[in-house]
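Okay, here's what each chain looks like letter by letter:
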Amino acid sequence: MSLTMADRDGWIWCDGELVPWRSANMHVLTHALHYGSAVFEGERVYEGRVFRLAAHSARLINSARLLDYDLPWTREQIDEATRAVVKANALASGYVRPIAWRGSEVMGVSAIGTTVHLAIAPWAQEGRLSVQPKPGGIKVTMAGYRRPSPEVAPGGAKAAGLYIICGIEKDRALNAGFDDALMLDWQGRLAESTGANVFLTMGGRLVTPKVENFLDGITRRAVIGMARKRGWTVEERAVMPCELDDAAEIFLCGTAAEIVPVGAIDTHRYQVGPMSGTLMADYAELVRQPDCEGFGESGHFAQPASAKAA
Ligand code: PMP
């Protein structure tokens, strides 16, 4: 029985009510479809609870702010709606996709006059949505496209429009026999993969690119927290591609991916080593803690200048 994403049983929370899964539709003349103005989240349910729910809802609101619009729901209301729809679908484990978008009242580049919508769709997910761990680690290639500079796009937003280059690179990587692609930023520094952040281990330290106009991952923050709790040194700094030669272990991390060891980046080879293994075990425990729905280490996301002033 193969069901498409549109043809499933269950409930989706749409603009304040639970609607049957197959009825959660929108019109083709919707601003977000044409101009990429949707913002979204990816969340995971473990034992009936959404890991770092508060942080994800806050980042969703912040992503919309970075695109100059406000969601008509508070963070607490979004948290509550998420819990309600997870419960309605009787999900003990799975994935949740909240998405906010600008509607179909007018059609044109300007979104002035459109209403803002929010839908939250949870489903049982077999395996991982973005990249699956493999014995010996996954195979990664370097992407052609780069993450945009802050002058070019609001790269800190989890915005649909920003995923165009991720989707292209992911497909190119898969078609070439790789599992994912690693993107540089506009200055040629390592940034992130098409759907996860990246960590390197060097001399027993964890090193990860400092977030500059790419997605400030909630899993990334959890990894940094877990590593520091173990007394490990974590460096958030500019990481150049030539440093890929110096890393012992490399892993990707994200809500959907969790922690995925990398075995190769093009011609570079890595061990699936002890630091990644320790963090994978710590993460499996962390996501199942009863208080996992809070902010954890993710209390704050970079605000757009307009929100700072408000
Ligand atoms: N970067 C990109 C491009 C992503 O899509 C994701 C997944 N949301 C991440 C990083 C990791 O973010 P998080 O840990 O919050 O899921």
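Residues numbered from 1 in each chain as written. Predicted model: local features only at pLDDT ≥ 70, side-chain atom pairs only at ≥ 80, totals over all residues. Heavy atoms only, no water.

> Quick one: what's the story with the site of the ligand, residue by residue and with numbers?
The environment of the ligand is formed by 16 residues, the closest being Tyr163, Glu192, Ile218, Thr219 and Thr255. Note that a nitrogen atom of the ligand is positioned 2.6 Å from one of the side-chain N or O atoms of Glu192. Ile218 is positioned with one of its backbone polar atoms (N or O) 2.8 Å from an oxygen atom of the ligand. A total of 390 Å² of accessible area belongs to the ligand in isolation, and the protein chains cover 95% of it. Counting atoms within 2 Å of the grid points, the majority share of the ligand lands in the second largest pocket. Taken together, the residues of the shell around the ligand sort by class into 5 nonpolar, 8 polar and 3 charged. (Near = heavy atom within 4 Å. Polar contact = N/O pair within 3.5 Å; in protein donor to acceptor, adjacent residues only side chain to side chain. Areas by Shrake-Rupley, 256 points an atom, 1.4 Å probe, with all protein chains shown as cover. 1 Å grid on protein atoms, 1.4 Å probe; cavity = no way out; pocket = protein on both sides within 12 Å on 5 of 7 lines; lining within 4 Å. Sits in = over half its atoms within 2 Å of the grid points. Nonpolar A, V, L, I, M, F, W, Y, C, P; charged D, E, K, R; others polar.)

> Requested: an account of the domain arrangement of the protein, with residues and values cited.
Each assigned domain of the protein is listed here: domain 1 (11-123) and domain 2 (138-286). Each of domain 1 and domain 2 has a C-alpha centre, and the two are 26 Å apart. Residue-level contacts link 18 residues of domain 1 with 18 residues of domain 2. In total, domain 1 and domain 2 occlude about 1,500 Å² of area from one another, counting both sides; carbon and sulfur atoms represent 66% of this. Where domain 1 touches domain 2, the interface holds 1 salt bridge. The partner of Glu258 in a salt bridge is Arg44, and the shortest N-O contact between them spans 3.3 Å. Counting across the interface, domain 1 meets domain 2 through 8 residue pairs in polar contact (both at pLDDT 80 or more). Listed by contribution, the elements that provide at least two residues to the side of domain 1 that touches domain 2 are β3 (39-40), β4 (43-46) and α2 (53-66). (Domains from an automatic or database assignment. Contact = heavy atoms within 4.5 Å. Buried area = accessible area lost by both parts, 1.4 Å probe. Salt bridge = Lys/Arg side-chain N within 4 Å of Asp/Glu carboxyl O. Helix = DSSP H or I, 4+ residues; strand = E, 2+ residues; numbered from the N terminus.)

> Could you give me a rundown of the packing of α2 against helix α3 (residues 75-88), with the residues and numbers involved?
Where α2 meets α3, the closest approach of the two axes is 9 Å, and the angle between their N-to-C directions is 125 degrees. Classified by the interaxial angle, the pair formed by α2 and α3 is oblique. The hand of the α2/α3 crossing is right-handed. Counting all contacts with α2, which are made through Leu53, Ala54, Ser57, Ala58, Leu60 and Ile61, the residues of α3 involved are Arg75, Ile78, Asp79, Thr82 and Arg83. Looking at the contact of α2 with α3 residue by residue, the classes come out as 6 nonpolar, 2 polar and 3 charged. (Axes fitted to C-alpha atoms, helices over the stretch in contact; angles between N-to-C directions. Parallel < 35°, antiparallel > 145°, perpendicular 65-115°, else oblique. Left-handed = near helix turned anticlockwise from the far one by under 90°.)

> Kindly report on helix α4 (residues 164-175), identifying the contributing residues and their values.
For α4, which comprises 12 residues, the first-to-last C-alpha distance of 17 Å matches the rise-based estimate of 16 Å (1.5 Å per residue) to within 8%. Of the residues making up α4, those classed as buried are Ile165, Cys166, Glu169, Lys170 and Ala173. In a view along the axis of α4, the buried residues occupy a sector of 130 degrees, so they form one face of it. The exposed set on the far side of α4, more than 90 degrees from its buried face, consists of Ile164 and Asn175. Check the buried side of α4 and you find it contacts β8 (138-142) and β9 (180-184). (Expected span 1.5 Å × (residues − 1). Buried < 20%, exposed > 50% of the residue type's maximum accessible area, 1.4 Å probe, protein only. Arc of directions from axis to C-beta.)

> Can you tell me about the pattern of salt bridges, naming the residues and giving the values?
Side-chain pairs of opposite charge can arise where the charged atoms are in close proximity. Per the counting criterion, the structure on display carries 23 salt bridges. In this structure, the salt-bridge partner of Glu297 is Arg52, at a minimum N-O distance of 3.0 Å. Residue Glu297 is found in the loop between α6 (274-286) and α7 (305-309), and its partner Arg52 is found in the loop between β5 (49-50) and α2; the two are separated by 245 residues along the sequence. A relative accessible area of 32% places Glu297 in the partly exposed class. A salt bridge links Arg189 to Asp185; the shortest N-O distance between them is 2.7 Å. With a relative accessible area of 13%, Arg189 lands in the buried category. Since its relative accessible area comes to 2%, Asp185 is described here as buried. Sharing partners across several salt bridges, the network here consists of Arg205, Glu235, Arg237 and Glu243.

> I'd love a proper account of the packing of helix α5 (residues 218-229) against α6, names of residues and values included.
How two helices pack is summed up by the angle between their axes together with the distance between the axes. Relative orientation of the contacting elements α5 and α6 amounts to 110 degrees, with a least axis distance of 10 Å. If you check the angle between α5 and α6, you find them roughly perpendicular. Classified by chirality, the crossing of α6 by α5 is right-handed. On the side of α5, the interface is formed by Thr219, Ala222, Val223, Met226 and Ala227, while α6 contributes Leu279, Asp282, Tyr283 and Leu286. Its residues placed into classes, the contact of α5 with α6 shows 7 nonpolar, 1 polar and 1 charged.

> A description of α5 should follow, citing residues and the corresponding values.
With 12 residues, α5 extends 17 Å from end C-alpha to end C-alpha; this agrees with the ideal 16 Å at 1.5 Å per step. For α5, every residue scored as buried is listed here: Ile218, Thr219, Arg220, Arg221, Ala222, Val223, Ile224, Met226 and Ala227. Two residues or fewer after α5 comes Gly231, characterised by a positive phi angle close to 85 degrees.

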